[in-house]
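Here are the chains, one letter per residue:
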Amino acid sequence: MENRVYEIELEEPLAGVGGKVIAKFYRPGRWSHAALVQEHDFLRELSEAEVPVVAPIAMAGAEGKTLHQTSFGVFFSLFPKVGGRVKEELQEAELLQIGRLLARLHTVGAAHPAADRPRLTPAEYLLPALQNLLQTGLVDMQLQSRYERAARTLFRMAEPLWQGLTLHRVHGDCHGGNLLWQPSGPVFLDFDDLMMAPAVQDLWMVVRGRDAEATQQREIIIEGYEQIRDFDRRTLRMIEALRGIRMIHYASWVAKRYADPIFVRTFPEFPTYAHWADETATLEEQIGLIEEPTGHSGY
């Protein structure tokens with residue numbers, strides 16, 4: 001929904017790529033040229049470090065560039081088609097492997113910053129999203145004040161958790177759908193949400209539950225992670241705040257694109273009272289979870 005992605009069959013296979021490629025056309029206006037170059041640079045660095053990712057293809061005659069632009073100004077790139085499957089349930093060995101790979105990914109990510117990518121902090125990520133959301137007029141007027149109050153309360157509670165933290169490049173949207181499993185293990189897909197963030201952002205996205213099983217699974221991921229790279233366990237208390245920030249940012253993302261017919265078809269209930277009643281109640285629940293010493297996350 002964010003970009004336009006097509007599978008293309010080639011008349012002549014490319015060496016090392018094969019007969020099919022994936023063409024990705026980036027939504028106009030979302031990312032600057034510099035931001036997209038930084039995404040591609042990160043993928044190249046990860047590939048060179050043998051972290052399993054799908055890196056863009058440098059086309060012949062393009063001087064090694066992987067980012068291109070159509071005559072009408074839309075950025076695009078080509079990627080090899082990669083096989084595999086998404087797994088709904090992960091075993092202990094797979095969780096350990098994810099932990100080790102995330103540690104390697106973050107080691108590369110910490111090598112230098114991505115100045116033109118988003119910074120996942122309450123002030124730089126939550127507040128602009130909230131402002132945009134309220135300006136769209138899509139939040140039901142009967143609930144707008146209550147929703148805004150909850151969002152600003154979440155901001156005030158979350159901000160102290162970021163004090164003294166170091167941000168570095170992370171995947172940003174590392175849920176199970178962006179892990180493609182092959183016999184050798186997972187391949188990380190879709191770095192469209194590459195951002196500067198604490199390491200815990202990628203870990204909680206892999207395992208998003210709150211129950212005892214989710215806590216145990218995250219512990220296994222951290223065990224694998226710590227075989228390669230230190231992990232600050234104090235950041236685990238940020239998970240519920242990160243969850244709440246993601247809710248607000250996701251709502252803003254939908255609202256910003258609601259003029260696009262596919263968003264209207266996909267989210268027909270978005271402007272309704274019932275939808276915003278649920279959103280507001282869920283956000284208020286998040287505040288309660290952050291207030292609790294364990295945050296319902298077992299930490």
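Given the structure is predicted, the values throughout are model-derived calculations rather than measurements.

Things to note about the sheet that holds strand β1 (residues 4–14)
Strand order in the open sheet formed by four strands is β1-β2-β4-β3, and the pairing between neighbours is antiparallel. Of all strands in the sheet, those with a lone pairing partner are β1 and β3 (68–69), marking the two edges.

Describing the environment of K87
Within the secondary structure, K87 is located in the loop between β4 (75–80) and α2 (92–109). Put simply, K87 and P122 are 35 residues apart on the chain and 32 Å apart in space, counted from C-alpha to C-alpha. Beyond its immediate stretch of four places on either side in the chain, K87 contacts E94 and W181. Reaching out from K87, the side chain makes a polar contact with the side chain of E94 at a distance of 2.3 Å.

A few points about the confidence of the model for the protein chain
For the protein chain, mean pLDDT is 92; residues scoring 70 or higher make up 96% of the total. Segment residues 293–299 is flagged for pLDDT under 50; beyond a separation of four residues in sequence, or across chains, it makes 17 contacts in the model.

Section: the nonpolar core
Soluble globular proteins: nonpolar side chains tend toward being buried together. Residues W162, F188 and F270 are the most contacted members of the largest nonpolar core, which totals 85 residues. Sort the elements by how many residues they give to this core and helix α7 (residues 239–256) lands first, with nine residues. What F188 contacts, discounting residues up to four positions off in sequence, is V51, P52, V53, V54, L101, L102, L105, H171, C174, N178 and L179.

Quick notes on the side chain of T121
Among the secondary structure elements, T121 is positioned in the loop between α2 and α3 (122–135). Excluding anything up to four places from it in sequence, T121 contacts L126, W162 and L167.

Side note on the pattern of salt bridges
Taken as a whole and judged by the stated rule, the model has 25 salt bridges. Among the ionic pairs, R117 bridges to E39, the shortest N-O distance being 4.0 Å. Of this pair, R117 sits in the loop between α2 and α3 while E39 sits in helix α1 (residues 33–48), and the two are 78 residues apart along the sequence. Of the residues examined, E39 reaches a relative accessible area of 1% and is grouped as buried. Close ionic contact of D232 with R234 constitutes a salt bridge, the shortest N to O distance being 2.9 Å. Its relative accessible area of 28% is what places D232 among the partly exposed residues. Given a relative accessible area of 61%, R234 falls into the exposed group. Linked by salt bridges that have partners in common, E2, R4, K24, R27, R30, D190, D192, D193, R257 and D260 make up one network.

Quick notes on the rules
Residues numbered from 1 in each chain as written. Predicted model: local features only at pLDDT ≥ 70, side-chain atom pairs only at ≥ 80, totals over all residues. Heavy atoms only, no water. Pairing = 2+ DSSP bridges. Helix = DSSP H or I, 4+ residues; strand = E, 2+ residues; numbered from the N terminus. Contact = heavy atoms within 4.5 Å. Polar contact = N/O pair within 3.5 Å; in protein donor to acceptor, adjacent residues only side chain to side chain. pLDDT = per-residue confidence, 0-100. Core = buried A, V, L, I, M, F, W, Y, C linked by side-chain atoms within 4.5 Å. Buried < 20%, exposed > 50% of the residue type's maximum accessible area, 1.4 Å probe, protein only. Salt bridge = Lys/Arg side-chain N within 4 Å of Asp/Glu carboxyl O.

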